[in-house]
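# Observations on chain architecture
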Amino acid sequence: MAKVLMKGNEALGEAAIRAGCRFFFGYPITPQSELPHYLAKRLPEVGGVFLQAESEVAAINMVYGAAGAGARVMTSSSSPGVSLKMEGISYIAGAELPCVIVNMQRGGPGLGSIQPGQADYFQAVKGGGHGDYRLLVLAPASIQEMVDLMGLAFALADKYRNPVMILGDGTLGQMMEPVEFPEMLDPEKLPQKPWAAQGAKGREPNIINSLYLNPLELEDHNLKLQAKYTQMAAEETRSESYYTDDADIVLVGYGSSARVCKAAVDQARQQGIKAGLFRPITLFPFPKAEIQAACRQAKAVLTVEMSMGQLVEDVRYNLEFRVPVHFYGRAGGMVPTTRAVVSKITELVQEGGRSA
Amino acid sequence: MITVFEKPKSLTPAKTHYCPGCTHGIIHRLVAEVIDELGVREETIGIAPVGCSVLAYNYFNVDMYEAAHGRAPAVATGIKRVHPDKVVFTYQGDGDLAAIGTAEIIHAAARGEKITTIFVNNAIYGMTGGQMAPTTLIGQTATTAPNGRDPEVQGYPIRMSEILATMPGAAYIARVSVHNPQEVAKAKKAIKTAFQVQLERKGFAMVEVLSSCPTNWGLTPLKALEWLKDNMIPYYPLGVQKAPEEVKA
Amino acid sequence: MLQEIILAGFGGQGVMSMGQLLAYAGMEENKQVSWIPSYGPEMRGGTANCSVTLSDTPVSSPLIDEPDTLFVLNRPSLEKFEGSVKPGGLLLLNSSLVKVEPQRTDLRVLKLPVDNLAQEKFGNSRVANMILVGAFVAVTGAVSLDSVVGALKKVLPEHRHKLIPLNRQALELGVELAQS
Ligand SMILES: Cc1ncc(C[n+]2csc(CCOP(=O)(O)OP(=O)(O)O)c2C)c(N)n1
Ligand code: SF4
Ligand SMILES: [Mg+2]
């Protein structure tokens, strides 16, 4: 198939359909609205259902319903709306249902701004709602990667019976790049879900539930969930290392910040500085072995994000505090510039890469 | 031995956890009998709320969900959109449906979701210890309204059936009671109609069932039924609020 | 080749589709491209802008802070972006609307009264942007004229494809003016 130029939000919509998603429930919010706009048109064409819910709370519970009924289903929102979904997400994780949640992050806290942000990192990777649960979090950095990760998101959601979040930001949602789509998956041909609630025909009833009044049982359930997260950490980490082999200074960033970092690495290399970039693609599970390998040579690490410092905590933790990890962040909808990141790199080189 | 009392197929053998004299149990039975009589047990998906009936998924012998507090109509919407041919019902208390889940029920009705809602109004938050519900009557005491509900402070009880009957998407809305055998029979008829309306894809259907909570009302089971009749029915009049023409006839 | 472009003007002036046209033209030549719009309330009536990158290698960052080329279609855009252009970069000005002089002396400036030209030559002010795009093509050679014309099919809705010849003429006028 030939490449088409497409906005990130719309590309995600088409990619979801290609992945066999036929159900979308959501509530409008900038900067992700092109995704529901696209699906409102496109889903009925393929026999799917697009429904605008009365709130994000309702939308995520519709997702809970559809996921428990065995369908590939998705919702999307941006920061304030995702906060509202957190209750439902916890139930979905607790009931072990597969679904995909898109967060096109904007500046916060509160109503914040509608410009791009990355300040929902903690919410995304640490669970976000109540209870010990994790989302599998995928962070694309280009439109093509958004498309590729959408297919993966549905596959992993089904594999682990766990909600998967695609963590983007306003920039990725709004920008256009050429993309190529995979072939259409036939939802009818996807593996059966014998656990789903579809009517107890000739079998015992299936129950979609996250309530365990017996604490021992609930603890067992928690252990089972943890085992899934451990398996994810063993099997699902993904990352990109860019010029890290000989790098004295390794930048770490995800999503659109990583694109800025890449340009900064290019410029630093032109100035003769051995800079590289480590880009986690799965934010949970965090690619621990990969980041350690990428920073083997590094005298200093610089984390760049559109927040006041969230990813940086995981970077320090996963590097086991062996390398000084510095931080550069913008917030509130401000986007780091390549120039600012390059000057940070030069500063670090002058300091000899010491002390964090 | 002759069988005088047989459990409906749509109930599991599990023993319910309801307090003695609580009418949740009767309402479960009515719903189960209707499902049996309509022959849709294997096509039915139910949603339990958060409230005293939170464990309803253990009692109904059909595919069940447990939903977050108030969200059952949204969950039902998700299910029904995936399986338009299945029978989907929610079972909700008055705190669940008329307080935290007001938006979800109103919009499910507004969309004309082809689902059936069993709304158990006992004028109290049963499960959490007798707090005031949106349906608690004026003057009725609750653990969070120790001097009785005062409209100056807590406003007025909500009549959900009347509100929902105004929605074009709602096809069938009725209020029934279970305080005596005659009313129980009428309640069953209404519940059956509410399922039939769904099967005929007419729109949203709800039966509000006035129910007793002897435990939190501080009354014996019998006194509770009397209290229901004397206090709840005057404020929450029984009857069909809205029905498709052929049902009315 | 790496060409980073910012296009800025009033909301209704068509800067967004002008940017998309350049991105599609790049795709016609198998270049790597990206397009990012400004978005939000500023779009309503205020100034809108977009950033376009055309490159022979994968686009590292689509976010541009130092453009090689700046298209300016109204005065506020000149004030907002003039300072950011790379030294020696190109500034394309719609002088029908921007009556002030740029402050920078280290830029290659091309001032074209495109609104007036479009009206006079073609009786259609909507092709004003095309004159600027033509000039850009002539000066930078970042994409060919043919690619831009080819890309018009992608940017214009089907029912307006009959306007392609007119757009082409406007592009050609831009090329001519830039070369003279
Ligand atoms: C989000 C949330 N808030 C509060 C609760 C606690 N809670 C559990 S049941 C309940 C009230 C239920 O009352 P009602 O719906 O009237 O049902 P009943 O127990 O009377 O049958 C509350 C407030 C909860 N589980 N979830
Ligand atoms: S608390 Fe009230 S509603 Fe709950 S089971 Fe007991 S009697 Fe029934
Ligand atoms: Mg109650």
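Here's what I pulled together on the structure shown here. (Residues numbered from 1 in each chain as written. Chains lettered and ligands numbered in written order. Predicted model: local features only at pLDDT ≥ 70, side-chain atom pairs only at ≥ 80, totals over all residues. Heavy atoms only, no water.)

### A short note on the overall build of chain B
- Counting its secondary structure elements, chain B contains eleven helices and seven strands.
- For a compact globule of 249 residues, the expected C-alpha radius of gyration is about 18 Å, and chain B comes in at 17 Å, within 12% of that figure.
- Dimensions along the principal axes, computed over C-alpha positions, put chain B at roughly 50 × 50 × 35 Å.
- Taking all 249 residues of chain B together, 59% fall into the buried category.
- Sequence-distant contacts in chain B: of pairs separated by 6 or more residues, those separated by 24 or more amount to 67%.
- Per element, the accessible surface of chain B, about 9700 Å² overall, is 58% carbon and sulfur.
- Both charge centroids of chain B, one from 24 positive and one from 23 negative side chains, sit 2 Å from each other. (Helix = DSSP H or I, 4+ residues; strand = E, 2+ residues; numbered from the N terminus. Rg over C-alpha atoms; globule rule 2.2 N^0.38 Å. Buried < 20%, exposed > 50% of the residue type's maximum accessible area, 1.4 Å probe, protein only. Contact = heavy atoms within 4.5 Å. Areas by Shrake-Rupley, 256 points an atom, 1.4 Å probe, with all protein chains shown as cover. Lys, Arg positive; Asp, Glu negative; His and termini not counted. Charge placed at Lys NZ, Arg CZ, Asp CG, Glu CD.)

### Regarding unusual backbone geometry
Residue and element names in this part refer to chain A.
- Note that the residue after Gly108, namely Pro109, is joined by a cis bond; omega there is 0 degrees.
- Relative to the helices and strands, Pro109 is located in the loop between β5 (99-105) and α5 (121-125).
- Cis geometry is adopted by the peptide bond preceding Pro285, which originates at Phe284 and carries an omega value of -5 degrees.
- Along the chain, Pro285 turns up in the loop between β13 (282-284) and α10 (288-294).
- Backbone geometry places Arg161, a non-glycine residue, at a positive phi of 45 degrees.
- Not every positive phi belongs to a glycine, and Glu320 is a case in point at roughly 55 degrees.
- As for its position among the elements, Glu320 is in the loop between α11 (311-318) and β15 (325-329).
- Residue class for Glu320 comes out partly exposed when judged on its relative accessible area of 35%.

### Considering the interface of chain A and chain B
- Taken together, the contact between chain A and chain B spans 34 residues of the former and 33 residues of the latter.
- Taken together, both faces of the contact between chain A and chain B bury some 2600 Å²; the carbon and sulfur share is 59%.
- Arg111 of chain B is paired through a salt bridge with Glu54 of chain A; the nearest N and O atoms lie 2.9 Å apart.
- The interface formed by chain A and chain B includes 19 residue pairs in polar contact (both at pLDDT 80 or more).
- Sorting the residues of the side of chain A that touches chain B by element identifies β2 (23-26), β3 (49-52), α3 (56-68), α4 (79-94) and β9 (207-208) of chain A as the ones contributing at least two each.
- Sorting elements by how many residues they give to the side of chain A that touches chain B places α3 of chain A first, with eight residues. (Buried area = accessible area lost by both parts, 1.4 Å probe. Salt bridge = Lys/Arg side-chain N within 4 Å of Asp/Glu carboxyl O. Polar contact = N/O pair within 3.5 Å; in protein donor to acceptor, adjacent residues only side chain to side chain.)

### Side note on the pattern of salt bridges
- Throughout the structure, instances matching the rule amount to 51 salt bridges over all chains.
- In this structure, Asp248 of chain A and Lys299 of chain A form a salt bridge, with 3.2 Å as the shortest nitrogen-oxygen distance. With Asp248 of chain A in the loop between β10 (239-242) and β11 (249-252) and Lys299 of chain A in the loop between α10 and β14 (300-305), this residue pair connects regions lying 51 residues apart in the sequence.
- Taking the relative accessible area as the measure of exposure, Asp248 of chain A reaches 26% and is therefore partly exposed.
- The exposure class assigned to Lys299 of chain A is partly exposed, which follows from its relative accessible area of 47%.
- Put simply, Glu208 of chain B and Arg175 of chain B hold a salt bridge, and the shortest N to O gap is 3.1 Å. In this pair, Glu208 of chain B is assigned in strand β6 (residues 204-210) and Arg175 of chain B in strand β5 (residues 170-177), connecting sequence segments 33 residues apart. When sorted by exposure, Glu208 of chain B lands in the same class as Arg175 of chain B, which is buried.
- Put simply, Arg29, Glu33, Glu37, Lys188 and Lys192 of chain B are held in one network by salt bridges that share partners.

### Regarding the coordination of the magnesium ion (ligand 3)
Residue and element names in this part refer to chain B.
- Around the magnesium ion (ligand 3), the protein contributes the donor atoms Asp94 (OD), Asn122 (OD1) and Ile124 (O), at 2.0 to 2.1 Å from the metal centre.
- For the magnesium ion (ligand 3), the donor residues sit on a single chain with the sequence spacing D-x27-N-x1-I. Residue Asp94 is located in helix α4 (residues 94-100), and its partner Asn122 is located in the loop between β4 (116-121) and α6 (151-154); the two are separated by 28 residues in the primary sequence. (Donors = N, O, S within 2.8 Å, 3.2 Å for Na, K, Ca; no water.)

### Quick look at the packing of α3 of chain A against helix α3 (residues 72-82) of chain B
- Close contact between α3 of chain A and α3 of chain B brings their axes to 6 Å; oriented N to C, the two are set at 45 degrees. Taken together, α3 of chain A and α3 of chain B sit at an angle that is classed as oblique. At the point where α3 of chain A passes α3 of chain B, the crossing takes the right-handed sense. Note on element contacts: α3 of chain B touches α3 of chain A through Ala74, Val75, Thr77, Gly78, Ile79 and Val82 of chain B, opposite Ala58, Asn61, Met62, Tyr64, Gly65 and Ala66 of chain A. (Axes fitted to C-alpha atoms, helices over the stretch in contact; angles between N-to-C directions. Parallel < 35°, antiparallel > 145°, perpendicular 65-115°, else oblique. Left-handed = near helix turned anticlockwise from the far one by under 90°.)

### Section: the site of ligand 1
- Cys52, Asp94, Gly95, Asp96 and Gly126 of chain B are the nearest of the 17 residues found near ligand 1.
- Each of chains A and B places residues near ligand 1.
- In the environment of ligand 1, an oxygen atom lies 3.0 Å from a nitrogen or oxygen atom belonging to the side chain of His24 of chain B.
- Within the backbone of Asp96 of chain B, a nitrogen or oxygen atom sits 2.8 Å from an oxygen atom of ligand 1.
- For the shell around ligand 1, the leading source of residues is α4 of chain B, giving four residues.
- Across the shell around ligand 1, the residue classes tally to six nonpolar, eight polar and three charged. (Near = heavy atom within 4 Å. Nonpolar A, V, L, I, M, F, W, Y, C, P; charged D, E, K, R; others polar.)

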